[in-house]
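Examining the three-dimensional arrangement
The primary structure of each chain is shown beneath.
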Amino acid sequence: MNDHVYKVVELVGSSEKSIEDAIQTAIRRAGTTLRNLRWFEVLQTRGHVENGEVRHYQVVLKAGFTLDEGA
């Protein structure tokens, strides 16, 4: 069994639809430049209220990815 070493980054995702969509947005975008994404943890959830209704969701995530094997 291989030991894993992870690098952790902080991401902020946003969406007008839902908290889940904000998470997907952040992970999907990070996946375009980071390889080997393995997990995420939601640190904060917040939103914008306008005229008594939620208009925007925002989440702060920690995301972990495995490092490539050394040469």
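Residues numbered from 1 in each chain as written. Predicted model: local features only at pLDDT ≥ 70, side-chain atom pairs only at ≥ 80, totals over all residues. Heavy atoms only, no water.

Section: the nonpolar core
Operational definition: Nonpolar cores were defined as sets of buried Ala, Val, Leu, Ile, Met, Phe, Trp, Tyr and Cys residues, with membership established by side-chain atoms within 4.5 Å. Categorising residues by exposure relies on relative accessible area from a 1.4 Å probe, with only protein chains included: less than 20% of the type maximum marks a residue as buried, more than 50% marks it as exposed, and the intermediate range marks it as partly exposed. Helix and strand assignments come from DSSP, with helices taken as H or I runs of at least 4 residues and strands as E runs of at least 2, each series counted from the N terminus. By the convention used here, residues are in contact when the closest approach between their heavy atoms is within 4.5 Å.
Leu11, Ala22, Ile23, Ala26, Ala30, Val59, Leu61 and Ala63 form the largest nonpolar core, which has eight residues in total. For this core, the leading source of residues is helix H1 (residues 19-30), giving four residues. Those residues within four positions of Ala30 in sequence are excluded, and the remaining contacts are Leu11 and Leu37.

Comments concerning the sheet that holds strand E3 (residues 53-66)
Our working rule: At least two DSSP bridges between two strands are needed for those strands to be called paired. Axis geometry follows a simple rule: fit a line to the C-alpha atoms, using only the stretch in contact for helices, then measure angles between N-to-C directions, giving values from 0 to 180 degrees.
Taken together, three strands build an open sheet; the order of strands is E1-E3-E2 and the sheet is antiparallel. Taken across any chain shown, the strands that pair with only one partner, and hence form the sheet edges, are strand E1 (6-15) and strand E2 (37-50). In this sheet, neighbouring strand axes are inclined to one another by 15° on average, regardless of whether the strands run parallel or antiparallel. As judged from the 12 bridges shared by E2 and E3, these two strands associate in the antiparallel manner. Looking across to E3, one finds that Gln44 is bridged to Val60. With respect to the sheet, H1 is in contact with E1, E2 and E3, its orientation differing from that of E1 by roughly 130°.

Things to note about the pattern of salt bridges
So the rule is basically this: The salt bridge definition used is simple: a Lys or Arg side-chain nitrogen within 4 Å of an Asp or Glu carboxyl oxygen.
For the structure shown, the criterion picks out three salt bridges. For Asp68, the salt bridge identified is with Arg35, shortest N-O distance 2.1 Å. With Asp68 in the segment after E3 and Arg35 in the loop between H1 and E2, this pair connects stretches of sequence that are 33 residues apart. Taking relative accessible area as the criterion, Arg35 reaches 56% and is therefore assigned exposed. With a shortest N-O distance of 4.0 Å, Arg55 and Glu53 are connected by a salt bridge.

Side note on unusual backbone geometry
One non-glycine residue, Asn36, adopts positive backbone phi at about 65°. Relative to the elements of secondary structure, Asn36 occurs in the loop between H1 and E2. Among the residues examined, Asn36 registers a relative accessible area of 27% and is labelled partly exposed. With phi around 55°, Asn51 is a residue other than glycine that occupies positive phi space. For Asn51, the position within the fold is in the loop between E2 and E3.

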